[in-house]
Amino acid sequence: MGALGFTLPVFRISTLIYGMRNLIKTLIFFFFLPALLSCDQQEHSFQIVSLSKPVASIYLPENASTAIKYAVEDFNEDCMEVCGFKLPVISKLQDGKGNMIMPMVAEDIVALGLTALENDLDLETLEGQWESTLIQQTDAATDQIDKILVVAGSDVMGVIYGLYEISEKVFGTDPQKYWTDASPPQKENIAWTDLISFQGPPTFKFRGFFINDENFLMSWRGNDDDIEKEVLSEIFEYILRMRGNFFVESEYALPFGDDIKKLATERGLYYSASHIQVLMTYPRYEWAPFCNENFNKDLDYLFYKSPEHAYSISAYWEEAVKKQMPFKTIWPIGLRYLDDRDYVDVDPDAPTSPEERAGLTSGAVTRQIELLEEYLEDDPITTYSMRGD
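The shown structure was predicted, so the numbers you read here are calculated from the model rather than taken from an experiment.

K.L.:
Please explain the packing of helix 2 (residues 66–83) against helix 5 (residues 156–171) as it appears in this structure.
P.N.:
Between two packed helices, both the angle of their axes relative to each other and the distance between the axes serve to describe the pair. Running from amino to carboxyl end, helix 2 crosses helix 5 at an angle of 5°, the nearest separation of the two axes being 9 Å. What the angle tells us is that helix 2 and helix 5 run roughly parallel. Mapping the contact onto sequence places Ala67, Ile68, Ala71, Val72, Asp74, Phe75, Asp78, Cys79 and Val82 in helix 2 and Val156, Val159, Ile160, Leu163, Tyr164, Ile166, Ser167 and Phe171 in helix 5. Its residues assigned to classes, the contact of helix 2 with helix 5 comprises 14 nonpolar, one polar and two charged.

Set out below in structure tokens:
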């Protein structure tokens with residue numbers, strides 16, 4: 001047999017050393033890159049919770065809007081759910097230490113008179129905007145405060161939406177948690193990592209919630225035929241977490257009291273009603289008692305029937321406007337019968353031609369606008385809805 005032969009590859013020593021050097025560089029890169037990234041993130045992050053301890057406080061001056069106070073409490077409830085504690089809330093800047101969250105309307109930040117802070121922020125992006133938010137980290141703090149996470153709003157709603165935005169991102173809060181029962185996992189470390197975040201005005205200026213099938217909520221948490229205040233309070237919070245700004249009163253549940261309207265206004269929400277509840281009336285329950293109390297007799301809810309009917313219904317609308325004035329309101333205007341039917345469905349003498357019906361509705365709406373202009377200082381916000389009209 002012939003000899004078995006083979007050839008060994010020949011490497012130059014310089015090539016071997018060069019290859020080893022590249023291998024070492026690659027290993028160093030992959031082993032130390034996560035640490036380098038972590039250091040960079042820590043340098044540019046705003047720490048809120050570290051090792052299960054709060055390292056940030058919330059600045060909430062005593063004269064802050066009630067709506068912002070509610071949102072701060074919601075934010076802290078989210079923190080409690082994830083961390084088991086709430087962040088400290090301070091009302092005076094001199095009491096701040098370490099990191100501080102500052103949820104404020106832009107013009108109120110300027111009023112603080114902290115020139116370095118104001119100059120470090122891009123507050124001009126909020127000028128003239130509707131419900132816009134700027135979330136920005138800054139080192140332009142005081143001697144005792146290391147970093148400030150400014151949650152600036154062009155208005156109160158912008159501040160509120162900013163707090164909920166942070167809550168969703170750092171705590172993992174589901175904005176629909178009241179309905180989904182979703183709970184985020186526990187966390188030992190929580191930080192906001194964006195240096196700056198801006199959210200401009202919404203596409204639709206008014207966005208809200210109308211409980212059309214409210215019978216599913218009636219008696220849900222109680223034994224009566226009403227929607228309980230605790231449920232409505234949760235619905236108000238839900239609307240805000242979903243970046244809404246108005247609530248529409250139900251059609252068939254008992255009329256909500258002023259305490260509900262006051263709560264909605266305190267939370268920053270506009271209050272409104274459906275198309276049959278013009279000028280925030282509730283004729284299904286209120287019209288007959290109003291007639292008996294003011295005129296000692298029953299009258300049909302027919303605006304066109306006679307001058308007496310027109311005068312009586314106008315007086316009813318006027319009383320409703322005066323009662324609703326203290327609350328933020330989107331005013332429904334229009335003309336419907338008591339139970340959401342058109343007048344032609346309940347009165348054989350009702351106008352039937354398009355021209356007559358248009359004239360009737362126009363006359364009613366004109367009177368409603370006159371009442372709003374008479375009693376309101378600002379231009380009224382109105383909504384007109386038609387259903388088979």
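Picking up where we left off.
K.L.:
Quick question: what am I supposed to make of the sheet that holds strand 10 (residues 208–210) here?
P.N.:
What holds strands together in a sheet is hydrogen bonding between their backbones, with the strands either parallel or antiparallel. The parallel open sheet is built from three strands, whose spatial order is 10-11-12. Of all the strands in the sheet, the pair left with one neighbour each is strand 10 and strand 12 (270–272). Here the strands of the sheet are splayed against their neighbours by 15° on average, with no regard to which way each runs. Summarising the sheet, strand 10 and strand 11 (residues 246–248) pair through three bridges and their orientation is parallel. Paired with Phe209 across the strands is Phe247, a residue of strand 11. Packed onto the sheet, helix 7 (residues 229–241) meets strand 10 and strand 11 and runs at close to 135° relative to strand 11.

K.L.:
I tried to follow the nonpolar core on my own but got confused; where do I start?
P.N.:
Where a protein is soluble and globular, its nonpolar side chains tend to be buried together. In terms of nonpolar packing, the biggest core is built from 80 residues, with Ile48, Leu87, Ile101, Phe247, Tyr301 and Trp317 touching the most fellow members. If one sorts the elements of this core by residue count, helix 5 sits on top with nine residues. Beyond its immediate chain neighbours, meaning those up to four positions away, Trp317 contacts Val278, Leu279, Thr281, Tyr301, Phe303, Leu335, Ala364, Arg367, Gln368 and Leu371. Counting 17 residues, the second-largest nonpolar core is a separate cluster that includes Leu93, Met102, Leu121 and Val150.

K.L.:
Could you clarify how one ought to interpret the pairing of strand 1 (residues 46–50) in this entry?
P.N.:
Within a regular strand, the side chains alternate between the two sheet faces. Summarising the sheet, strand 1 and strand 8 (residues 190–192) pair through three bridges and their orientation is antiparallel. The partner of Gln47 across the bridge, within strand 8, is Ala191. As paired elements, strand 1 and strand 2 (residues 53–54) share two bridges and run antiparallel to each other. Pairing of Ser50 across the sheet is with Lys53, part of strand 2.

K.L.:
Please explain the packing of aromatic side chains as it appears in this structure.
P.N.:
The description of an aromatic ring pair uses the distance of the two centres, along with the angle that the planes make with each other. Enumeration over the complete set of coordinates arrives at 19 aromatic pairs. Ring geometry for Tyr178 and Trp179: centres 4.9 Å apart, planes at 70°, overall edge-to-face. Both rings, one in Phe209 and one in Tyr238, keep their centres 5.6 Å apart while their planes meet at 90°; by these two values the pair is edge-to-face. Here the residue Phe209 occupies a position in strand 10, and Tyr238 occupies one in helix 7, the gap between them amounting to 29 residues. A relative accessible area of 14% places Tyr238 in the buried class. Here the aromatic residues Trp287, Phe290, Phe295, Tyr301 and Tyr316 are joined through ring pairs into a cluster of three or more. Positioned above the aromatic ring of Trp130 is the side chain of Lys205, whose terminal nitrogen or guanidinium carbon lies 4.4 Å from the ring centre. Positioned above the aromatic ring of Tyr270, the side-chain terminus of Lys328 is 4.3 Å from the ring centre.

K.L.:
Is there a simple way to think about the side chain of Thr138 in this case?
P.N.:
Mapped onto the elements of the fold, Thr138 is located in strand 6 (residues 133–138). A polar contact of 2.4 Å, which involves the side chain of Thr138, links it to the side chain of Asp120. Apart from residues no more than four positions distant in its own chain, Thr138 is found in contact with Leu117, Asp120, Leu121, Lys147, Ile148 and Val150.

K.L.:
Explanation requested: helix 11 (residues 354–375) in the structure shown.
P.N.:
If you check helix 11, its first and last C-alpha atoms are 32 Å apart, about what 22 residues at 1.5 Å a residue would give, namely 32 Å. Among the residues making up helix 11, those that are buried are Leu360, Ala364, Val365, Gln368, Leu371 and Leu372. Each buried residue of helix 11 lies within a common arc of 120° when the element is viewed along its axis, so the set occupies one face. Turned more than 90 degrees from where helix 11 packs its buried face, Glu355 and Glu373 sit exposed.

K.L.:
Would you mind going over unusual backbone geometry with me for this structure?
P.N.:
Residues other than glycine seldom take positive phi values, yet Arg243 does so here, at roughly 65°. For Arg243, the position within the fold is in the loop between helix 7 and strand 11. Positive phi, normally seen in glycine, also occurs at Met280, with a value near 65°. You can see Met280 is positioned in the loop between strand 12 and helix 9 (283–295).

K.L.:
Would you take a moment to explain the environment of Asn99 for this structure?
P.N.:
The residue Asn99 is located in strand 5 (residues 98–105) in this model. On a C-alpha basis, the gap between Asn99 and Leu149 in space is 7.8 Å, while along the polypeptide they are 50 residues apart. Setting aside its immediate chain neighbours within four residues, Asn99 contacts Phe46, Gln47, Val55, Ala56, Ser57, Asp146 and Lys147. Polar side-chain contacts of Asn99 include one of 3.5 Å to the backbone nitrogen of Lys147.

K.L.:
Can you walk me through the confidence of the model for the protein chain in this structure?
P.N.:
Predicted coordinates in areas of low pLDDT are best not read in detail. Scored by pLDDT, the protein chain comes out at a mean of 88, with 87% of its residues at no less than 70. Ignoring residues within four places in sequence, the model shows residues 1–11, a span with pLDDT below 50, making zero contacts including any to other chains. For residues 32–41, every residue scores under 50 in pLDDT, and the model assigns this stretch one contact once sequence neighbours within four places are set aside.

Rules used throughout
- Residues numbered from 1 in each chain as written.
- Predicted model: local features only at pLDDT ≥ 70, side-chain atom pairs only at ≥ 80, totals over all residues.
- Heavy atoms only, no water.
- Axes fitted to C-alpha atoms, helices over the stretch in contact; angles between N-to-C directions.
- Helix = DSSP H or I, 4+ residues; strand = E, 2+ residues; numbered from the N terminus.
- Parallel < 35°, antiparallel > 145°, perpendicular 65-115°, else oblique.
- Contact = heavy atoms within 4.5 Å.
- Nonpolar A, V, L, I, M, F, W, Y, C, P; charged D, E, K, R; others polar.
- Pairing = 2+ DSSP bridges.
- Core = buried A, V, L, I, M, F, W, Y, C linked by side-chain atoms within 4.5 Å.
- Buried < 20%, exposed > 50% of the residue type's maximum accessible area, 1.4 Å probe, protein only.
- Phe/Tyr/Trp six-rings, centres within 6.5 Å; stacked < 30°, edge-to-face > 60°.
- Lys NZ or Arg CZ within 6 Å of the ring centre and 35° of its normal.
- Polar contact = N/O pair within 3.5 Å; in protein donor to acceptor, adjacent residues only side chain to side chain.
- Expected span 1.5 Å × (residues − 1).
- Arc of directions from axis to C-beta.
- pLDDT = per-residue confidence, 0-100.

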